[in-house]
Amino acid sequence: MCELCGHYPHLPGCPNEEYACDVCGESLQEGNEIYKIDGDILCKKCAVAWLERRCIAC
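Residues numbered from 1 in each chain as written. Predicted model: local features only at pLDDT ≥ 70, side-chain atom pairs only at ≥ 80, totals over all residues. Heavy atoms only, no water.

Caption draft 1: Quick look at the nonpolar core. Counting eight residues, the largest nonpolar core consists of C21, L28, I37, I41, L42, C43, C46 and A47. At the level of elements, β4 (40-42) and α1 (44-51) are the ones that each hand at least two residues to this core. Once residues lying within four places of it in the same chain are set aside, the contact partners of I37 are L42, A47 and W50. (Core = buried A, V, L, I, M, F, W, Y, C linked by side-chain atoms within 4.5 Å. Buried < 20%, exposed > 50% of the residue type's maximum accessible area, 1.4 Å probe, protein only. Helix = DSSP H or I, 4+ residues; strand = E, 2+ residues; numbered from the N terminus. Contact = heavy atoms within 4.5 Å.)

Shown next, in the form of structure tokens:
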């Protein structure tokens, strides 16, 4: 159970809410760099690949 929102899973908007990269599925937790591009949530590796126009899913 989260110490901030008191729920599991977290309530939407909780600072401890966990996300996953929409491309590779890597878990993104508090403290990780999260990038929002075109409505998708990406990890740093996938965001850099997207910016460099490389294949993100590779």
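Structure's up, so let's keep going.
Caption draft 2: Summary view of the environment of K45. Looking at where K45 falls in the secondary structure, it is placed in helix α1. Classification of K45 as exposed rests on a relative accessible area of 54%. Spatially, the C-alpha atoms of K45 and Y35 are 10.0 Å apart, while their sequence positions differ by 10 residues.

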